[in-house]
Amino acid sequence: MNFPPLGKPDLGPLNKLCDSMLQTINDALKTNPPAEYAELFSNLQTALKSDRDEVIKAFAKEFPLMEAEYTETTTAIKKMLEEEFPKLQKQLEDVPALIESEQAKAMVTVAGMLASVPKLPPAPEPISINPGEELVARLMELGAPAKPPSKTMPSPGNIWENWKPGQGAS
């Protein structure tokens, strides 16, 4: 893997912004502002020039250190990739075989589990069923309607006539 070089930064936008601000301050000073404002603008102009120069000097001093650190880091990453990539590629090639071996282990485990499940008892042999004519006959007797009362039966008549003391109500 190739990393792009760090490259020198473009300080043009910083210089352009500072120049624009300095021009604005210079234009404000040409309008003859009151003395206190003129002093404030003049101090701001001096501070801006000084800060811009300080930033550019600090960056010029720090950039070689940043560039060296970048180079060191990218070199370490390249080295690690060169060492680790073949190992990772070998491991990746071994994945299908690993999957197959794990599937085989799982199948053995499942087969063992299935073998340990108790077998169901054999189904009972069918019983010959009696057509049940005797049962039907008995059931029909139970549900048979009562015989209708004969028309010749005497009616109870007057209950007081047939009453005997001590019998109670029945």
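Residues numbered from 1 in each chain as written. Predicted model: local features only at pLDDT ≥ 70, side-chain atom pairs only at ≥ 80, totals over all residues. Heavy atoms only, no water.

**Some words on the packing of helix 1 (residues 12–30) against helix 2 (residues 35–116)**
Their axes nearest at 10 Å, the elements helix 1 and helix 2 cross at an angle of 165 degrees. For the element pair helix 1 / helix 2, the angle class is roughly antiparallel. Crossing handedness for the pair helix 1 and helix 2: left-handed. Of helix 2, the residues touching helix 1 (which contributes Leu14, Asn15, Cys18, Asp19, Met21, Leu22, Ile25, Asn26, Ala28 and Leu29) are Ala38, Phe41, Ser42, Leu44, Gln45, Leu48, Lys49, Arg52, Val55 and Ile56. (Axes fitted to C-alpha atoms, helices over the stretch in contact; angles between N-to-C directions. Helix = DSSP H or I, 4+ residues; strand = E, 2+ residues; numbered from the N terminus. Parallel < 35°, antiparallel > 145°, perpendicular 65-115°, else oblique. Left-handed = near helix turned anticlockwise from the far one by under 90°. Contact = heavy atoms within 4.5 Å.)

**Some thoughts on unusual backbone geometry**
Backbone geometry places asparagine 32, a non-glycine residue, at a positive phi of 55 degrees. Among the residues examined, asparagine 32 registers a relative accessible area of 67% and is labelled exposed. (Buried < 20%, exposed > 50% of the residue type's maximum accessible area, 1.4 Å probe, protein only.)

**What about the pattern of salt bridges?**
Under the counting rule described, the total for this entry stands at four salt bridges. Between glutamate 84 and lysine 87 there is a salt bridge; the shortest N-O distance is 3.7 Å. Linking glutamate 84 with lysine 87, this pair stays in helix 2, spanning three residues, or about one helical turn. The partly exposed category is assigned to glutamate 84, whose relative accessible area is 33%. (Salt bridge = Lys/Arg side-chain N within 4 Å of Asp/Glu carboxyl O.)

**Re the packing of aromatic side chains**
What the rule picks out here adds up to one aromatic pair. Plain terms: the ring middles of phenylalanine 59 and phenylalanine 63 are 5.6 Å apart, the flat faces sit at 35 degrees to each other, and that makes the pair tilted. Here phenylalanine 63 and phenylalanine 59 lie together in helix 2, a separation of four residues that amounts to about one turn. Owing to a relative accessible area of 5%, phenylalanine 63 belongs among the buried residues under this scheme. (Phe/Tyr/Trp six-rings, centres within 6.5 Å; stacked < 30°, edge-to-face > 60°.)

**Concerning helix 2**
Taking 1.5 Å as the rise per residue, helix 2 with 82 residues should run 122 Å; its terminal C-alpha atoms sit only 103 Å apart, a clear shortfall. When the local axis directions of helix 2 are compared, the greatest deviation, roughly 35 degrees, occurs at valine 95, which is followed within four positions by the proline proline 96. Taken together, the buried positions of helix 2 are occupied by Gln45, Leu48, Arg52, Phe63 and Thr74. Among the structural elements, helix 1 are those in contact with the buried residues of helix 2. (Expected span 1.5 Å × (residues − 1). Bend = angle between axes of the 7 residues up to and from the residue.)

**Brief notes about the confidence of the model for the protein chain**
With 85% of its residues at a pLDDT of 70 or more, the protein chain has an overall mean of 84. Here helix 3 (residues 133–142) stands out as the least confident element of the protein chain, with mean pLDDT 80; helix 1 is the most confident, with 91. (pLDDT = per-residue confidence, 0-100.)

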